[in-house]
Amino acid sequence: MKALFAAVSLLAIAACSSEEANDRAGDAKRIASETIIIDTHIDVPYRLDHEWEDVSGPTAKGDFDYPRAVEGGLNAPFMSVYTPAQYDGTPKAKSHAEEMIAIVEKMVSSAPDKFRIATSVADVEKAFQDGVIALPMGMENGSPISSDLANLDYFYERGIRYITLAHSKSNSISDSSYDVTRQWNGLSDFGHEVVKRMNELGILVDISHVSDDAFWQVMEIAAVPPVASHSSARHFTPGFERNMSDEMIKALANKGGVIMINYGSSFLTEEANKYGPTRDEAYLKYVADNGLTDSTDLKEQFEKGYLEEHPFPYATLDDVLDHIDHVVKLTGIDYVGIGSDYDGVGDSLPMGLKDVSSYPALIAGLMKRGYSEEDIKKILSGNFLRVWRTAEAYAASH
């Protein structure tokens, strides 16, 4: 009898849990459909530069297209206008950024009933009301500024509303977290002028990718809250400068800024973060032990075999939620958002968040962890919109 009672109790608990999960899923879908969802970093333009696809319909490749965005409730994805570091200091830097902007413009002109370029908070809100996906733009890597402040005005007119000061290499504006060459020990003199002029124009200063020294200098001089458009918490990836330390996250919040959590697995867990370096060490040992000569083909062959023997340790939805929890515990609910890096981090996205249809899963996860609907809406867009409005107001008065 006791065993029967226990079995019935377990079934009742399971049924209750299933019902709660279904209720959460339904509420998550509703919240996604009635809320502006801003993801501040999606690399669609660079993906389409390599091979054009009509993202107004379903696509076989990539993480973003219109049907999946609608399914996920994504209605204000920042299109990343990315310029590779190899173009730094060359005329190609500016022209490449112009090519990326042209791709976004082509997306809109090809499907004006589905996409619309947005250059202001008001534009985003109007597009949402009209049932059209807003496409604001952020510039990833400040190298297209080409040491000329006039180019800030030019790209503002082209629609750029945030600029990631550097990317994988130090440039004329700032040192990079990925570059051991710290030619400026933070920002250059020109970089200080860039930050000031960006504030005056209403272009948000993005501190993702910059060195720690550059971050702290931005904190000192910025008149408008900066943002981290696609970074995560270094607490979970010790020693990974590309992510933000607890002290940096708190300083950004004290300035009024927002950290937008990156979904790349190597940004989320130490195990995934160390996978690449561990594999590279194994490759160098393999080459040395067998008296081989390093080559691209040999490395590709080795990496294929290594992956079969050592599967990549994908992060999970819970890992993303852990990063959000961590920021909230450090600073409060008002300083965190989403900067997924879809179409930018390759095959490293977390289990449960593989493309832009998955925002309801994130919302359901937040609900399960006790976040209120009001707080969830702050994470989805409210926090970033607050900063964007602040930038607009400062620019209007300067």
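Details of the structure are given in the entry above.
Since we're looking at a predicted model, the values are computed, not measured.

Engineer: I tried to follow the overall build of the chain on my own but got confused; where do I start?
Structural biologist: When helices and strands are tallied, the chain shows 15 helices and ten strands. Here the C-alpha radius of gyration of the chain, 22 Å, is about what a compact globule of 398 residues would show, namely 21 Å. Dimensions of the chain, computed from the C-alpha atoms along their principal axes, are close to 80 × 65 × 45 Å. Taking all 398 residues of the chain together, the buried fraction comes to 55%. A sequence separation of at least 24 residues applies to 71% of the contacts in the chain between residues at least 6 apart. When the accessible surface of the chain is summed, it comes to about 16,900 Å², and 53% of that surface belongs to carbon and sulfur atoms. A gap of 3 Å separates the mean positions of the 36 positive and 62 negative side-chain charges of the chain.

Engineer: How do you make sense of the pattern of salt bridges when you look at a structure like this?
Structural biologist: A side chain with one charge may pair with a side chain of the opposite charge, provided their charged atoms come close. Enumeration according to the criterion identifies 26 salt bridges in this entry. Of the charged contacts, one joins aspartate 130 and lysine 126 as a salt bridge, the two residues approaching to 2.7 Å between their closest N and O atoms. Note that aspartate 130 and lysine 126 are positioned in helix H5 (residues 121-130) at a spacing of four residues, about one turn of the helix. Note on aspartate 130: relative accessible area 37%, which makes it partly exposed.

Engineer: What's the story with helix H8 (residues 212-221) in this structure? I'm lost.
Structural biologist: Note on helix geometry: an α-helix contains 3.6 residues per turn, so any two residues three or four positions apart are oriented the same way. Listed in full, the buried residues belonging to H8 are Asp212, Ala214, Phe215, Gln217, Val218 and Met219. Lining the buried residues of H8 we find helix H7 (189-201), strand S7 (204-206) and helix H9 (246-254).

Engineer: Would you take a moment to explain the nonpolar core for this structure?
Structural biologist: Generally speaking, soluble globular proteins have nonpolar side chains that are buried together. In terms of nonpolar packing, the biggest core is built from 86 residues, with Phe64, Phe115, Leu165, Ile324 and Leu362 touching the most fellow members. It is helix H4 (residues 91-110) that provides the largest number of residues to this core, a total of seven residues. For phenylalanine 64, the contacting residues outside a window of four places in its chain are Ile42, Val44, Arg47, Val55, Thr59, Ala69, Leu74, Pro77, Met107, Phe115, Asp343 and Val356. Counting 20 residues, the second-largest nonpolar core is a separate cluster that includes Ile38, Tyr162, Val227 and Trp388.

Engineer: What am I meant to see in the packing of aromatic side chains here?
Structural biologist: A ring pair, where both rings are aromatic, is described by two values, the distance of the centres and the angle of the planes. Within the structure shown, the criterion is met by 19 aromatic pairs. On the numbers, 4.8 Å between centres and 85° between planes, the contact of tyrosine 46 with tyrosine 82 is edge-to-face. Residue tyrosine 46 is found in helix H2 (residues 44-50), and its partner tyrosine 82 is found in strand S2 (residues 76-82); the two are separated by 36 residues along the sequence. Taking 5.7 Å as the distance between ring centres and 90° as the angle between the ring planes, the aromatic pair formed by tyrosine 66 and phenylalanine 115 counts as edge-to-face. One end of the pair, tyrosine 66, is in helix H3 (residues 66-72); the other, phenylalanine 115, is in strand S3 (residues 115-117), and 49 residues separate them in sequence.

Engineer: So what exactly am I meant to see when it comes to the pairing of strand S6 (residues 160-164) here?
Structural biologist: Where a strand is regular, its side chains alternate between the two sheet faces. Counting buried positions along S6 yields five of five residues, so the element is predominantly enclosed. Taken together, strand S5 (residues 137-140), helix H6 (residues 150-158) and S6 form a β-α-β motif whose crossover is right-handed. The pairing of S6 with S7 spans three bridges and is classified as parallel. By the bridge assignment, tyrosine 162 is partnered in S7 with leucine 204.

Engineer: How do you make sense of the side chain of aspartate 325 when you look at a structure like this?
Structural biologist: Assignment of secondary structure puts aspartate 325 in helix H13 (residues 317-331). For aspartate 325, a relative accessible area of 15% gives the class buried.

Engineer: Teacher, can you tell me more about unusual backbone geometry here?
Structural biologist: One can expect most non-glycine residues to show negative phi and most peptide bonds to be in trans. Phi angles above zero are rare outside glycine, and serine 147 is one such case at about 60°. Within the secondary structure, serine 147 is located in the loop between S5 and H6.

Engineer: Could you clarify how one ought to interpret a negative patch on the surface in this entry?
Structural biologist: Together, Glu19, Glu20, Asp23 and Asp27 make up a region of like negative charge exposed at the surface. Here glutamate 19 lies in helix H1 (residues 2-34). Judged by its relative accessible area of 51%, glutamate 19 is exposed.

Engineer: Looking at this model, I keep getting lost on the pairing of S5. Mind explaining?
Structural biologist: Residues of S5 alternate between two faces, with Met137 and Met139 on one and Gly138 and Glu140 on the opposite face, all of them buried. Two elements, S2 and S5, share four bridges in a ladder whose sense is parallel. For serine 80, the partnering residue across the bridge sits in S5 and is glycine 138. Where S5 and S6 come together, four bridges link them in parallel fashion. The residue bridging glutamate 140 from the neighbouring strand is threonine 164, located in S6.

Engineer: What is the right way to read the packing of H8 against H9 from this model?
Structural biologist: For any two helices packed against each other, the geometry is given by the interaxial angle and the distance between the axes. Where H8 contacts H9, the axes come no closer than 11 Å and their chain directions differ by 20°. By the criterion of interaxial angle, the relationship of H8 to H9 is roughly parallel. H8 and H9 meet at a crossing whose hand is left-handed. Along the contact surface, H8 presents Asp212, Phe215, Trp216 and Met219, while H9 presents Glu247, Met248, Ala251 and Leu252. A breakdown of the residues in the contact of H8 with H9 according to their chemical character gives six nonpolar, no polar and two charged.

Cut-offs used in this document
Residues numbered from 1 in each chain as written. Predicted model: local features only at pLDDT ≥ 70, side-chain atom pairs only at ≥ 80, totals over all residues. Heavy atoms only, no water. Helix = DSSP H or I, 4+ residues; strand = E, 2+ residues; numbered from the N terminus. Rg over C-alpha atoms; globule rule 2.2 N^0.38 Å. Buried < 20%, exposed > 50% of the residue type's maximum accessible area, 1.4 Å probe, protein only. Contact = heavy atoms within 4.5 Å. Areas by Shrake-Rupley, 256 points an atom, 1.4 Å probe, with all protein chains shown as cover. Lys, Arg positive; Asp, Glu negative; His and termini not counted. Charge placed at Lys NZ, Arg CZ, Asp CG, Glu CD. Salt bridge = Lys/Arg side-chain N within 4 Å of Asp/Glu carboxyl O. Core = buried A, V, L, I, M, F, W, Y, C linked by side-chain atoms within 4.5 Å. Phe/Tyr/Trp six-rings, centres within 6.5 Å; stacked < 30°, edge-to-face > 60°. Right-handed = clockwise from strand over helix to strand, strands pointing away. Pairing = 2+ DSSP bridges. Patch = residues over 30% accessible without salt bridge, like charges linked within 9 Å, V, L, I, M, F, W, Y side chains within 5 Å. Axes fitted to C-alpha atoms, helices over the stretch in contact; angles between N-to-C directions. Parallel < 35°, antiparallel > 145°, perpendicular 65-115°, else oblique. Left-handed = near helix turned anticlockwise from the far one by under 90°. Nonpolar A, V, L, I, M, F, W, Y, C, P; charged D, E, K, R; others polar.

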